[in-house]
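# Coordinates in review
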Amino acid sequence: MRTYLKWAGRLFLAGLAMAVVGVLAIGIFLIRLSSDLPDLEALAEYEPPVMSRVHAGDGKVIAEYARQHRVFVPIAAIPKSVISAFVSAEDKTYYEHHGVDWKGVLRATRNNVINKMLGRRMEGASTLTQQVAENFLVDTEQSYTKKIRKMIIATRIEKVFNKDQILELYLNEIYLGNRAYGVAAASLNYFGKSLDDLAVSEMAFLAALPKGPANYHPIRKKERATARRNYVLQRMAANGYISEEVSAEAQKDDLVSIERLTGEKFEAAAYFVEAIRREVFSMYGEDQLYDGGLSIRTTLDTTKQQMARTALRDSLEEYDRRHGWRGPLQSIDLVAVDGDPLDELIKPRGVDADWVLAVVTTISAETTRILMQNNQIGEIELSEVKWARKQLPEALLGPTIKDMHQVFSLGDVILVKRLESEDNKNLYGLRQIPEVNGAIMAMDPHTGRVLAMVGGYSHKRSEFNRAIQARRQIGSSFKPFVYASAMELDYTPVSLILDAPFIADGGADTRFYKPQNYESGAFYGLSTMRLGVEKSRNVMTVRLAQEMGMAPIVDIGTRMGIYDELLPVLAMSLGAGETTLWRLMGAYAALVNGGHLVTPTILDRVQDRDGKTILKHDTRDCPGCRVEMDEASSSGRLVEPNLPDARPQVMDPTTAYQMVSILEGAVQRGTGVRLRSLGKTLGGKTGTTNDMKDGWFLGFSPDLVVGVYVGFDTPSTMGKGEAGSRVALPVFKRFMEKALENVNNAPFRIPDGVSLVWVDAKTGEIARPDERGAIMEAFRPGTEPSTSNQGVRLSIAGSGISFGGGLPAQIPDTGIEGDAIIVGVEGDLTVDGQPVEPGDVPSPDEPEDEPVEDEELLDGVY
């Protein structure tokens, strides 16, 4: 007995020692296992990455930037039904356990023994808290070591957070497929709804996704996804969150998801959105942009943006059709094709949704039969291909189309668009993607807020933004600033400049510099400065630049922000310097707003993830804007706050208005006359460069400035007659017709101190208000013409001028250079032997409803 007790004691002591060693070993194991896990403080301070969202000026979301698409939503803002759906689907005992469901662990262990023997998929017992631990803090490798680590973290999380806080982390962090992290992002990506707007069936679908988003895709695996959703609805009813009736009714709902942030509205904003991304990235860096949860409020007007895109695309397509057909996309051997010949073909990127691929199957003289995808048959009539003359080099065209065989061959793969037909015939029109490109911008001239910006025909075809990045010569679009610089030197809109042959030293590279007017060889004698701008006279402009010197022109070009620097050579007065549409927009805005410099901006405000404003475009302090409503009520009225004007004054308001008035005349009588039919208060200026390589139109209403550029990315001629008034002005017109449709027509604002005098629009002479062609001309006080002194400034530089009866004392005897104030000179004024009278301009009988396209040949050198 004693021996038995002795051995029993020894065994007990050994067992006790082994137990102690085991406990110590387990403790050491657990300590080592958890040594690198986050501490409680790190858990409490955890913030998940949140996507940055871009809003238009009207609040609409137009883009999102993220590595993980997540919208963080506080638990208080998450509907109870969403919470109950996830609890029912993932962890029905969530509110009972402390991080680990030990009953569930034992049940899963027992079942997994059987599953292992039968080769089935292993069963899990992770709680929501453990899923939080897995999603946030450890990798997803499945091993017993990882499971233990997850249990340790789960118990720590339960000590740091209450149940609602854990749910907040879980519901904002969980990956639910379709690029969505968290329930708010998933709600948007799958259904285009906020959480509050979800139906019960949609909430149940989201709760079905954590098991494996790819297994329950609502389109590719709709049947399986619907079954899993219905299971969640059943569990919600079984757990008492909804009634059996509600569950049964919700199970009947069709599972319908959407494609978010796609479609015409978002495609229209593509260039604008990319410009925003680049700017925010440059200011705050990659991590803040993609993970920082920034709220980016932009200046974009989504309605005007779509108008701008449509106007640009329609006009580029119109130009392209004027210059013929470049042939099919490719050709197919119909005999060798087995099945649908279009099955393997993909529609080119960036074309309208209603353009479709078709293959030519039958050709006759008058019609062509085409086959589209899904074996749909259509016809193209001869009238729809009259434009499709063969495109030749140098923008020339082949023979007139009289037979379909001139255009098509069997097997040609083409783009077509369904046409409206009264008799329901399957008629289609031939379409072609333009090679020419361009840009349009619309901006508030008073603030610089860019309301619309389209940088090309299609962002999918070319991400190059021609509004911001394309540096091109601007041609006559620069002339208003040349003449404005003259008016700053006390010239007036009725000062006479001679429009006659001009020759100057061409410098080291060329012998002579001899600019030409658009109509080569046409000169109009003495003309007012107003006419020089309205009709876009090149020779007048160069002669004015010669007389003033280039210094004032260089100064105004840099002062207005058009150029950083400008060579002081005469060709620059005709817009030979290169700049961007973006910079030119700011300069034209200064004309409209009274001479204030505004820089175009696409950002209104940026806020961080906590709602703190970190950038604001308008930084002016406005104490009067923060009046409390009760304070206003006690005073009986709201007083409009008086905000300081922080915009730099870069041009005298009188000079700015004089140029606005002249450019309004360009629309009424000059190169912009095609706009007159709109019946709106508009001003603007065309621009064209050598060989018709670039076309421009910059125009404005009292509260909107719009700029258009058109040209090939690799500079080449757009063809004979394709001046700014023909390629760029139509874009402006299409846009303004829509943008100003419901805007009251108001005159341009006239600043204080402007003297208005009735003059003849062509001669600049004093006129009666009831005379034909009389206009109100703007003058700086003291510079107005009078009936007793019809004196005007006359430039005679660069051409031999003689006066019958002798030269006034102010004119040098050489007759080559100098200024003259002509006040009742006796005798005849002659230029190259031909008599010229002040105001010798085109006949008053010239048709006023046709555009006078006196565009420029920039630097014609002979």
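Before any of the text, the structure's been laid out above.
This write-up is about the structure you can find in this document. (Residues numbered from 1 in each chain as written. Predicted model: local features only at pLDDT ≥ 70, side-chain atom pairs only at ≥ 80, totals over all residues. Heavy atoms only, no water.)

### Comments concerning the overall build of the protein chain
To be explicit about the condition: Labels follow the DSSP assignment, with helices taken as runs of H or I lasting at least four residues and strands as runs of E lasting at least two, numbered in each case from the N terminus. Between buried and exposed lies partly exposed: a residue is buried under 20% and exposed over 50% of the maximum accessible area for its type, with that area taken using a 1.4 Å probe on protein chains only. In what follows, a contact means two residues having at least one pair of non-hydrogen atoms within 4.5 Å. Shrake-Rupley sampling with a 1.4 Å probe provides the accessible areas, and residues are treated as covered by the protein chains on show and by no other component.
Secondary structure summary: the protein chain contains 23 helices and 33 strands in total. Of all 862 residues assigned to the protein chain, the portion counted as buried reaches 51%. When contacts within the protein chain are restricted to residue pairs at least 6 apart in sequence, long-range pairs at least 24 apart make up 70% of them. Here the protein chain has roughly 40900 Å² of accessible surface; of this, 51% comes from carbon and sulfur atoms.

### A few points about unusual backbone geometry
Phi is positive for Asn-374, close to 65 degrees, though the residue is something other than glycine. For Asn-374, the location among the structural elements is in the loop between strand E8 (367–372) and strand E9 (376–381). Classification of Asn-374 as exposed rests on a relative accessible area of 74%. Backbone geometry at Asp-691 places phi at a positive 60 degrees, although glycine is not the residue there. Residue placement: Asp-691 occurs in the loop between strand E24 (683–688) and strand E25 (694–701). Owing to a relative accessible area of 48%, Asp-691 belongs among the partly exposed residues under this scheme.

### So, a nonpolar patch on the surface
Under the convention used in this document: Here the term patch refers to residues with relative accessible area over 30% and no salt bridge, with like charges joined within 9 Å and nonpolar side chains (Val, Leu, Ile, Met, Phe, Trp, Tyr) within 5 Å. Here a salt bridge means any side-chain nitrogen of Lys or Arg lying within 4 Å of a carboxyl oxygen belonging to Asp or Glu.
On the surface, Ile-750, Leu-756, Trp-758 and Met-776 cluster together to form a nonpolar patch covering roughly 320 Å² of accessible area. By the secondary structure assignment, Trp-758 is in strand E27 (residues 755–760). Accessibility expressed as a relative area gives 32% for Trp-758, which makes it partly exposed.

### Description of the packing of aromatic side chains
Definition in use: Pairing of aromatic rings covers Phe, Tyr and Trp, the last through its six-membered ring, and needs centres within 6.5 Å; plane angles under 30 degrees mean stacked, over 60 mean edge-to-face, and all others mean tilted.
Counted according to the given criterion, the structure contains 15 aromatic pairs. Relative to Trp-387, the ring of Trp-325 lies with its centre 6.1 Å away and its plane at 85 degrees, an arrangement referred to as edge-to-face. Highlighted residues: Trp-325 in the loop between helix H14 (302–322) and strand E6 (330–331) and Trp-387 in the loop between E9 and strand E10 (391–392), separated in sequence by 62 residues. Summarising the burial analysis for this pair, Trp-325 and Trp-387 share the class buried. Summarising the aromatic geometry, the rings of Trp-696 and Tyr-709 are spaced 5.0 Å apart at their centres and angled 50 degrees between planes, so their arrangement reads as tilted. Here Tyr-709 lies in strand E26 (residues 704–711) and Trp-696 lies in strand E25, a separation of 13 residues in the sequence.

### Quick look at the sheet that holds E25
Using the following cut-off: Two strands are counted as paired when DSSP detects at least two bridges linking them. Simply put, an axis is a line fit to the C-alpha atoms, just over the touching stretch for a helix, and the angle between two N-to-C directions goes from 0 to 180 degrees.
Ordered by their spatial adjacency, 5 strands build an open sheet running E15-E14-E26-E25-E24, and the pairing between neighbours is antiparallel. The open sheet has two edge strands with one neighbour each: strand E15 (450–454) and E24. Ignoring which end each strand starts from, the neighbouring axes of this sheet average 5 degrees apart. Bridging between E25 and E26 involves 8 bridges; their strand directions are antiparallel. Within the sheet, the bridge partner assigned to Asp-694 lies in E26 and is Gly-711.

### Here we look at the pattern of salt bridges
Using the criterion set out here, one finds 41 salt bridges in the structure. For Arg-67, the salt bridge goes to Asp-287, with nearest N and O atoms at 3.2 Å. Residue Arg-67 is found in the loop between strand E2 (61–65) and strand E3 (69–70), and its partner Asp-287 is found in helix H13 (residues 270–291); the two are separated by 220 residues along the sequence. Here Arg-530 ties to Glu-777 by a salt bridge, and the two come within 2.6 Å at their closest N and O atoms. Of this pair, Arg-530 sits in helix H16 (residues 529–534) while Glu-777 sits in strand E28 (residues 774–779), placing them 247 residues apart in sequence. Neither residue differs from the other here; Arg-530 and Glu-777 are each classed as buried. When salt bridges that share partners are traced, they join Glu-318, Arg-322, Glu-722, Arg-726 and Arg-734 into one network.

### Quick look at the pairing of strand E23 (residues 613–616)
Of the strand pairs in this sheet, strand E22 (residues 603–607) and E23 are connected by 3 bridges, and their pairing is antiparallel. Following the sheet pairing, Arg-605 is matched in E23 by Lys-616. If you look at the hairpin formed by E22 and E23, you'll find 5 residues sitting between the two strands, and Gly-611 has a positive phi there, around 90 degrees.

### Description of the environment of Ala-275
Its place among the elements puts Ala-275 in helix H13. On the basis of relative accessibility, which here comes to 10%, the residue Ala-275 falls in the buried class. Sequence separation of Ala-275 and Ile-602 is 327 residues, and the distance between their C-alpha atoms is 8.2 Å. When sequence neighbours within four positions are dropped, the list of residues in contact with Ala-275 reads Met-453, Ile-468 and Ile-602.

### Examining the sheet that holds strand E1 (residues 52–55)
The strand order across the open sheet built from 5 strands is E2-E1-E5-E22-E23, with neighbouring strands paired in mixed fashion. Two strands in the sheet have a free side with no partner beyond their single neighbour: E2 and E23. The sheet shows a mean angle of 15 degrees between the axes of neighbouring strands, direction not considered. Judged from the 4 bridges that link them, strand E5 (residues 295–298) and E22 form a sheet pairing that is antiparallel. Along E22, the bridge assignment pairs Ile-296 with Val-606.

### Here we look at helix H9 (residues 200–208)
Counting buried positions along H9 gives 8 out of 9 residues, so the element sits mostly inside the fold. Within H9, the full set of buried residues consists of Ser-201, Glu-202, Met-203, Ala-204, Phe-205, Leu-206, Ala-207 and Ala-208. Structurally, H9 contributes buried residues whose contacts are with helix H3 (80–90), helix H8 (183–191), helix H10 (222–238) and helix H11 (244–250).

### Overview of helix H19 (residues 581–592)
Inclusion rule: What a helix is expected to span follows from its residue count: subtract one and scale by 1.5 Å.
In a regular helix each residue adds 1.5 Å, so 12 residues correspond to 16 Å; H19 covers 17 Å between its end C-alpha atoms and thus fits that length. The element H19 is extensively covered by neighbouring structure, given that 11 of its 12 residues are classed as buried. Where H19 is concerned, the buried positions are Leu-581, Trp-582, Leu-584, Met-585, Gly-586, Ala-587, Tyr-588, Ala-589, Ala-590, Leu-591 and Val-592. Just beyond H19, the residue with positive phi is Gly-594, at close to 90 degrees.

### Quick look at the packing of H14 against helix H23 (residues 729–739)
Two numbers describe a pair of packed helices, the interaxial angle and the distance between the axes. This is how the line gets drawn: Crossing handedness: left-handed means the near helix sits turned counterclockwise from the far one by under a right angle, and right-handed means the same turn made clockwise. Basically, the charged four are Asp, Glu, Lys and Arg, the nonpolar ten are Ala, Val, Leu, Ile, Met, Phe, Trp, Tyr, Cys and Pro, and anything else, Gly included, counts as polar.
In the contact formed by H14 and H23, the axes pass within 8 Å of each other and the chain directions differ by 145 degrees. Judged by the twist between their axes, the crossing of H14 over H23 is right-handed. In contact with Lys-304, Met-307, Ala-308, Ala-311, Leu-312, Asp-314, Ser-315 and Glu-318 of H14, H23 contributes Pro-730, Val-731, Arg-734, Phe-735, Lys-738 and Ala-739. When the residues that make up the contact of H14 with H23 are grouped by side-chain class, the tally is 8 nonpolar, 1 polar and 5 charged.

### Concerning the environment of Arg-734
Quick note on the threshold: Counting of polar contacts relies on pairs of N or O atoms within 3.5 Å, with two restrictions inside protein: one atom must be capable of donating a hydrogen and the other of accepting it, and residues adjacent in sequence are counted only when both atoms are side-chain atoms.
Looking at where Arg-734 falls in the secondary structure, it is placed in helix H23. As a C-alpha pair, Arg-734 and Leu-675 span 59 residues in sequence and 9.8 Å in three-dimensional space. The residues touching Arg-734, leaving out its near neighbours within four places in the chain, are Ala-311, Asp-314, Ser-315 and Glu-318. Here Ser-315 takes part through its side chain, which lies 2.7 Å from a polar atom of the side chain of Arg-734.

### Re the packing of helix H15 (residues 479–487) against helix H17 (residues 538–548)
We apply this condition: An angle counts as roughly parallel when it lies under 35 degrees, as roughly antiparallel when it exceeds 145, as roughly perpendicular when it falls between 65 and 115, and as oblique in every other case.
Interhelical geometry of H15 versus H17 gives an angle of 40 degrees and a closest axis separation of 11 Å. Classed by the angle they form, the pair H15 and H17 counts as oblique. The two elements H15 and H17 cross, and the hand of that crossing is left-handed. Residues Lys-479, Val-482, Tyr-483, Ser-485 and Ala-486 of H15 pack against Asn-538, Met-540, Thr-541, Leu-544 and Met-548 of H17. When its residues are assigned to classes, the contact of H15 with H17 shows 6 nonpolar, 3 polar and 1 charged.

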